[in-house]
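# Commentary on secondary and tertiary structure
Residue-level listing of the chains:
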Amino acid sequence: MLPLLRAEVVEKRKFVTEQELLDLYSIGQCTPGIISINVATYIGYQQKKIWGAVATTLGIVLPSVIIITLLASVLQKFTDNRYVAYAFAGIRVCVAALIADVVYDLAKKNLNNYFAATIFITAMILLVWLDVSAVLLVLLAGMVALAAGEIKRIRK
Amino acid sequence: MTYLLLWAEFFKIGLFAIGGGLVTVPFLFDLTDRYDWFSKAELTNMIAVSESTPGPIGVNMATFAGFNAAGVMGGIIATFGLVLPSVIIMIMVAKMMSKYSCNVRVHNVLSGIRPAVLALILYAGLQVAKISITGSLEILVFVGLLMMMRLWKQSPIVYLCLAAIIGIVLKL
């Protein structure tokens, strides 16, 4: 996503500078929501206020909505076919492998200190044994980390 | 009523799914426990389709999930719900300060959320594994594909196509 964005909004249209885009990307990462939508909304607002934000957000969402709607309606007609079912059984194994691949990369990048490892293990326990919802888990983890940070600062 | 529920649920996902890529997946698995909009197997198929089409995965997932639950309008409403928190929050961020940066507190909160999100994705992965890896043949395919991903970096669509062919040939 980032290289594509840079080619369009920095080099071709000059909406933002290279550094602004990088800053924007890190802001997008620490605000709720999907990064690419956050970046699109911000650039739109900067250029033409509310309607600019609406326009860029619609722009980034529309291809997905059209392509997926078409694809979904076609797929629905073929799910009863035996060979399509075999193909999807293979594809589902592949999705499990893709997630394992992502988890491995993310773990290497994020689980590099005791605090992160403790949160990760506690979260796994809460998920597997107590069936905590995703929303509650994100809230809990955020609050614990905020509290831990404040305690550390007071001690200093 | 389904439309309103779809909108509310995806608004919540838009608010709490922080990051990119697969972060929306665990939230969608939560939905399978509470609504009969789609099954876990259908959701796994959706991940494959979302990974192999252009556009952010989260948006693709929302459209697909909404469509499965309530047709074309469902897809549009779910996507609208998903992006609304982003739009509101980013406009506020842009308004409040032209030079907003992640301050210390935001940074601290995120340092806790990132490992929790990792746990969520791993847990979703375990659920996918439970419904897809049903025999020893599947275990072999899983290990083979994972090794390929580690040693030969390609776009996900390459592995997904290969897996579809393997599925047909082996009659999985």
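What counts and how
- Residues numbered from 1 in each chain as written.
- Chains lettered and ligands numbered in written order.
- Predicted model: local features only at pLDDT ≥ 70, side-chain atom pairs only at ≥ 80, totals over all residues.
- Heavy atoms only, no water.
- 1 Å grid on protein atoms, 1.4 Å probe; cavity = no way out; pocket = protein on both sides within 12 Å on 5 of 7 lines; lining within 4 Å.
- Points joined across faces, edges and corners; volume = space filled by probe spheres on them.
- Helix = DSSP H or I, 4+ residues; strand = E, 2+ residues; numbered from the N terminus.
- Nonpolar A, V, L, I, M, F, W, Y, C, P; charged D, E, K, R; others polar.
- Contact = heavy atoms within 4.5 Å.
- Axes fitted to C-alpha atoms, helices over the stretch in contact; angles between N-to-C directions.
- Parallel < 35°, antiparallel > 145°, perpendicular 65-115°, else oblique.
- Left-handed = near helix turned anticlockwise from the far one by under 90°.
- Buried area = accessible area lost by both parts, 1.4 Å probe.
- Salt bridge = Lys/Arg side-chain N within 4 Å of Asp/Glu carboxyl O.
- Pairing = 2+ DSSP bridges.

Space inside the largest pocket adds up to approximately 1,100 Å³. In terms of lining, the largest pocket is formed by 38 residues, of which the most central are Val102 and Leu106 of chain A together with Gly20, Gly21 and Leu22 of chain B. Contributing elements (two or more residues each) for the lining of the largest pocket: helix H2 (18–29), helix H3 (35–78) and helix H4 (82–110) of chain A together with strand E1 (18–19), helix H3 (40–51), helix H5 (104–132) and helix H7 (156–170) of chain B. Considering every element that reaches the lining of the largest pocket, the biggest residue donor is H4 of chain A, with 7 residues. Looking at the lining of the largest pocket residue by residue, the classes come out as 21 nonpolar, 11 polar and 6 charged.

With that settled, consider the environment of Val109 of chain B. Relative to the helices and strands, Val109 of chain B resides in helix H5. Sequence separation between Val109 of chain B and Phe11 of chain B is 98 residues; the distance between their C-alpha atoms is 21 Å. Here Val109 of chain B is in contact with Gly142, Ala145 and Leu146 of chain A, once residues within four sequence places are set aside.

So, about the packing of H4 of chain A against H7 of chain B. Interhelical geometry of H4 of chain A versus H7 of chain B gives an angle of 135° and a closest axis separation of 7 Å. Considering their axes alone, H4 of chain A and H7 of chain B lie oblique with respect to each other. Of the two possible hands of crossing, H4 of chain A and H7 of chain B adopt the one that is right-handed. Here Tyr83, Tyr86, Ala87, Gly90, Ile91, Cys94, Val95 and Leu98 of chain A of H4 of chain A come into contact with H7 of chain B, specifically with Pro156, Tyr159, Leu160, Ala163, Ala164, Gly167 and Ile168 of chain B. Residues belonging to the contact of H4 of chain A with H7 of chain B are distributed by class as follows: 13 nonpolar, 2 polar and no charged.

Glancing now at the interface of chain A and chain B. In this assembly, 79 residues from chain A lie in contact with 90 residues from chain B. Buried surface at the junction of chain A and chain B, summed over both partners, amounts to about 7,500 Å²; 78% is from carbon and sulfur atoms. Where chain A packs against chain B, one counts 4 salt bridges. When the shortest N-O distance is used, the salt bridge between Arg105 of chain B and Glu150 of chain A registers 2.8 Å. Counting only elements with at least two residues in the side of chain A that touches chain B, the list comes to H2, strand E1 (33–34), H3, H4, helix H5 (114–130) and helix H6 (134–155) of chain A. Of the pairings in the sheet, the one linking E1 of chain A to E1 of chain B comprises 2 bridges and is parallel in character. Bridging across to E1 of chain B, Gly33 of chain A finds its partner in Ile18 of chain B.

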